[in-house]
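Descriptive analysis of the structure
Residue-level listing of the chains:
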Amino acid sequence: MKLLRQILGPILALLLTFGSVAEVSAPVTVAAAGVVLGVGHAQAATPAQKAVVLNGVPGWVLRASGALPSIDMDFAHNRAWVGGSGPRAPPSLLTTTRASIEMAPWSDQHWTSFASGAPAITDLGLSVWQAATNTALQSRDMTQTAWVKTTMTTALTAAGIDNAANSATTLTATAGNATVLQTLTIGSTAETFSIFVERVTGTGNIQITENNGGTWTTMSSANCVNTQGVGTAINTTTYVRCSVEAVLANPVIGVRIVTSGDAVNVDFAQNEANTFPTPPIATTTVSVARAADGISATTTLSNLIPITTATMLFNMGAVPWGNDGTDHVLLAFLQSGSTPGVGRFSGGSINFNDGVGYRTSQAYTNGAAFRYAVAYGGTAINASLNGGTVSNYATYAGSIAGTAKPFKIGSGSGSAYWNGTFKRITVFPTVLDPVSVSALP
Amino acid sequence: MTKHVRSVLFSLVIGMALLGLMPPALADQYDVVLKFTDKATAIADATAALQTFTDPQGAKQWLNQNVVELTVWRNSQDTTIPGIFWANTVVTHHPLAGYFVMISLDHVVPALLNHAAVQLVVDRDMMNARQPGAVLKSTVGNVVLQDLRFSPVFAGMNPPWGNFN
């Protein structure tokens, strides 16, 4: 199977590199001089783009003020462009260290599993997450005795979030306020309990607890999200992930169906020592850990990120964390110490650090998807978030201090994980207007 | 699959390899369980310390990309308490003494394999496939191995503990 994956993976990657089956938006064919050259974004190629296509650069590669990037990693379409080399499969540009499998979401709301050591890339982008351990046992199978049922029937007959048949549990209330609960033995810490839920029948409230029903929180768009991180009420079409968070010892986690006869499908019950839910982890009889994503740029890629002059664009998906008081790094220049590089710093702002200190700062809306562009060169650093007002630092020393290669994507040396998805990273080897760059698709 | 299709696919794969379009091949994962007196001793160990990083406060921490702290117990030593009213029977595990840690890498490190603290080394991919030779090293025999339980395990591990052959 591993061999088959290794053979078919590259073929699929090649197809996606030139854009085809995984296009989210309606694809258009970019043609020039009567030759079909490839399939790109839904936006029509400009005459300038068509001209460049003739020189061998696909139409989907971002341009800014006519400049081509040195790197354009379009993770959400599983394609990348490397100046001087051409198209690449994104995984070939990354070194991934992760001692476990990891699940990652797709825009159609399903999740798939990625092998240890493989970057988790879907049409929502590249996932980078800290480690987590799911202490909820039998996370997919509530028919097991680890779950205590009261006026609730359970059947392992539902398709799960991975579309696998008979992998998730159908809960049916045989009386009002039916419950299914599991007691965990854990010291007092911040815990998040999350579970995927899809309504089968009925319209009554479905509730969630992590304190043995001391508080029942009704599942709604306020505490349930889809795979894009958008608040979504439970429904009969797709799973949504609902969660509650509290600081407590020995949580008792579970679900309550308020109305007799109502039924829901549930999958991946997860209790973790985090203040937000991270990708789902399957368990049976013991706790299971997902290792953190250690993702570094290969030497080829690192050499294309200039340390003196460049403009970087980060197109990021929504994240489940808010102002949680910790660093979340986009790109780390340094491999040790406390100085990251480009990242979001605690305090509700996103910053650029040149290796000496934080030089720019912009207010950031907690959890929201965003585009962030930063240009450094000469004596200035200028950054723009979503095309907004430029944050300027006028005494840039001309080089990113203490640079150590390879660059790390989405974390520092072993901390400050991004905990979300990178849709696209583009690096131009020149100083450009960050406002217009952050408006690029 | 026709000979022609096979030939085209083979050429395509070779061509992509030459062009650098091939994602890196996935190597087998090796799980190494080590036992130390305590965490401080483990982190101070020269070989184990290769899997640590220094946090912003200057303290060494395990690299959580490939290390997890373990609780280890013997299944046969579990005790049970009958449930009260609606609750099911409560099972209590009795952790073995010592500090256990699992280091998991995509290659064999001889210094780690031959470390005095090593309790168990398995090739995860072979283990998951139930292939003979999956256990590269163990300080205990099969009977004890079948009785051992580890928590947590890394996602993607499917250890045959309890029915190990």
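Residues numbered from 1 in each chain as written. Chains lettered and ligands numbered in written order. Predicted model: local features only at pLDDT ≥ 70, side-chain atom pairs only at ≥ 80, totals over all residues. Heavy atoms only, no water.

1. Details of the overall build of chain B
- Counting its regular elements, chain B contains 5 helices and 11 strands.
- Within the span of chain B, comprising 165 residues, buried residues form 39% of the whole.
- Looking at chain B alone, contacts between residues at least 24 apart form 61% of all its contacts between residues at least 6 apart. (Helix = DSSP H or I, 4+ residues; strand = E, 2+ residues; numbered from the N terminus. Buried < 20%, exposed > 50% of the residue type's maximum accessible area, 1.4 Å probe, protein only. Contact = heavy atoms within 4.5 Å.)

2. Some points on the overall build of chain A
- For chain A, the helix and strand inventory stands at 4 helices and 34 strands.
- Looking at chain A residue by residue over its 441 residues, the buried ones come to 57%.
- The long-range fraction of contacts in chain A, counting pairs at least 24 apart against all pairs at least 6 apart in sequence, stands at 64%.

3. Overview of the nonpolar core
Residues and elements named next belong to chain A.
- Formed by 47 residues in total, the largest nonpolar core has its most connected members in Met73, Met312, Phe314, Tyr372 and Phe422.
- Once residues lying within four places of it in the same chain are set aside, the contact partners of methionine 73 are Arg79, Ala80, Leu93, Leu94, Leu301, Ile409, Lys423, Arg424 and Ile425.
- By size, the runner-up hydrophobic cluster in this structure holds 27 residues, among which are Trp147, Val180, Phe193 and Ile253. (Core = buried A, V, L, I, M, F, W, Y, C linked by side-chain atoms within 4.5 Å.)

4. Some remarks on the pattern of salt bridges
Residue and element names in this part refer to chain A.
- Per the counting criterion, the structure on display carries 13 salt bridges over all chains.
- A salt bridge links arginine 424 to aspartate 72; its shortest N-O distance comes to 2.7 Å. Residue arginine 424 is located in strand β34 (residues 420–428), and its partner aspartate 72 is located in strand β3 (residues 71–74); the two are separated by 352 residues in the primary sequence.
- For arginine 424, a relative accessible area of 4% translates into the label buried.
- A single network of salt bridges, built from pairs that share partners, joins Asp72, Asp74, Arg79 and Arg424. (Salt bridge = Lys/Arg side-chain N within 4 Å of Asp/Glu carboxyl O.)

5. Remarks on the environment of B:Val90
Residue and element names in this part refer to chain B.
- Counting through the fold element by element, valine 90 comes out in strand β6 (residues 90–92).
- By relative accessible area, which is 44% here, valine 90 ends up partly exposed.
- Note: C-alpha distance between valine 90 and valine 67 (23 residues apart in sequence) is 30 Å.
- Contact partners of valine 90, with chain neighbours within four places excluded, come to Thr79, Thr80 and Ile81.

6. Section: the state of the cysteines
Residue and element names in this part refer to chain A.
- Counted by the stated rule, this structure contains 1 disulfide over all chains.
- One disulfide in the model links cysteine 224 with cysteine 242; its S-S distance is 2.0 Å. Given an S-S torsion of about 105°, the disulfide between cysteine 224 and cysteine 242 has right-handed geometry. Taken as a pair, cysteine 224 in strand β19 (residues 224–225) and cysteine 242 in strand β20 (residues 240–248) lie far apart in primary sequence, 18 residues in all. Of the two residues, cysteine 224 and cysteine 242, neither departs from the other in class, the shared state being buried. (Disulfide = S-S within 2.5 Å.)

7. Remarks on the sheet that holds strand β4 (residues 67–74) of chain B
All names here are of chain B.
- Pairing is antiparallel across the open sheet formed by 6 strands, whose spatial order is β9-β8-β1-β7-β4-β10. Every interior strand has two partners, whereas the edge strands, β9 (135–138) and β10 (148–151), have only one. Neighbour to neighbour, the strand axes of the sheet diverge by 25° on average, direction disregarded. (Pairing = 2+ DSSP bridges. Axes fitted to C-alpha atoms, helices over the stretch in contact; angles between N-to-C directions.)

8. Quick word on the packing of aromatic side chains
Residue and element names in this part refer to chain A.
- For the structure on display, the rule yields 7 aromatic pairs over all chains.
- Taken together, a centroid distance of 5.5 Å and an interplanar angle of 25° make the contact between phenylalanine 352 and tyrosine 376 stacked. Placement of phenylalanine 352 in strand β28 (residues 349–353) and of tyrosine 376 in strand β30 (residues 370–377) is noted, with a sequence separation of 24 residues between them. Taken individually, phenylalanine 352 and tyrosine 376 each receive the classification buried, so the pair is uniform in this respect.
- Site record: aromatic cluster; members linked through ring pairs are Trp321, Tyr364, Phe370, Trp418 and Phe422. (Phe/Tyr/Trp six-rings, centres within 6.5 Å; stacked < 30°, edge-to-face > 60°.)

9. Brief notes about unusual backbone geometry
- With omega at -5°, the peptide bond leading from B:Ser151 into B:Pro152 counts as cis.
- Residue placement: B:Pro152 occurs in the loop between β10 and β11 (153–154).
- Not every positive phi belongs to a glycine, and A:Asn212 is a case in point at roughly 60°.
- Relative to the helices and strands, A:Asn212 is located in the loop between β17 (206–209) and β18 (217–218).
- Residue classification places A:Asn212 among the partly exposed residues on the basis of a relative accessible area of 38%.

10. Quick word on the confidence of the model for chain A
All names here are of chain A.
- A residue-level look at chain A finds 84% of positions with pLDDT of 70 or above and a mean pLDDT of 85.
- In the model, residues 1–45 has pLDDT below 50 throughout and makes 86 contacts with residues more than four positions away in sequence or in other chains.
- Between residues 47–51, whose pLDDT stays under 50, and residues either more than four places distant or in other chains, the model counts 7 contacts. (pLDDT = per-residue confidence, 0-100.)

11. A look at empty space enclosed by the protein
Residue and element names in this part refer to chain B.
- Enumeration over the complete set of coordinates arrives at 3 cavities of 30 Å³ or more.
- Roughly 60 Å³ of volume is contained in the largest cavity.
- Surrounding the largest cavity, Tyr30, Val32, Leu105, His107, Val108, Val109, Leu112, Leu113, Val121 and Leu136 form its lining.
- Of all the elements in the fold, those that place two or more residues in the lining of the largest cavity are β1 (30–36) and α3 (110–113).
- Grouping the amino acids of the lining of the largest cavity by side-chain chemistry returns 9 nonpolar, 1 polar and no charged. (1 Å grid on protein atoms, 1.4 Å probe; cavity = no way out; pocket = protein on both sides within 12 Å on 5 of 7 lines; lining within 4 Å. Points joined across faces, edges and corners; volume = space filled by probe spheres on them. Nonpolar A, V, L, I, M, F, W, Y, C, P; charged D, E, K, R; others polar.)

12. Observations concerning the environment of A:Thr227
Residues and elements named next belong to chain A.
- Relative to the helices and strands, threonine 227 is located in the loop between β19 and β20.
- Owing to a relative accessible area of 14%, threonine 227 belongs among the buried residues under this scheme.
- In this structure, threonine 227 is in contact with Pro105, Trp106, Ser107, Gln109, Trp111 and Leu124, ignoring residues within four places of it in sequence.
- Polar contacts involving the side chain of threonine 227 include one to the main-chain carbonyl oxygen of tryptophan 106, which spans 2.8 Å. (Polar contact = N/O pair within 3.5 Å; in protein donor to acceptor, adjacent residues only side chain to side chain.)

13. Describing the confidence of the model for chain B
- Within chain B, residue pLDDT values average 84, and 78% of them lie at 70 or more.
- Scored as a complex, the prediction yields pTM 0.86 and ipTM 0.84.

14. Some points on the sheet that holds strand β16 (residues 189–201) of chain A
All names here are of chain A.
- With respect to topology, 6 strands assemble into an open sheet ordered β13-β14-β22-β16-β20-β19, the strand pairing being antiparallel. For this open sheet the edge positions go to β13 (152–158) and β19, each flanked by a neighbour on one side alone.
- Direction of pairing for strand β14 (residues 168–173) relative to strand β22 (residues 263–272): antiparallel, over a ladder of 4 bridges. Bridge assignment links leucine 171 to a residue of β22, and that residue is valine 264.

15. Examining the side chain of A:Thr169
All names here are of chain A.
- By the secondary structure assignment, threonine 169 is in strand β14.
- Looking at threonine 169, its side chain comes within polar contact range of the main-chain oxygen of arginine 140, at 2.7 Å.
- Excluding residues within four positions of it along the chain, threonine 169 makes contact with Arg140, Asp141, Met142, Thr154, Ala155, Leu156, Ala158, Val264, Asn265 and Val266.

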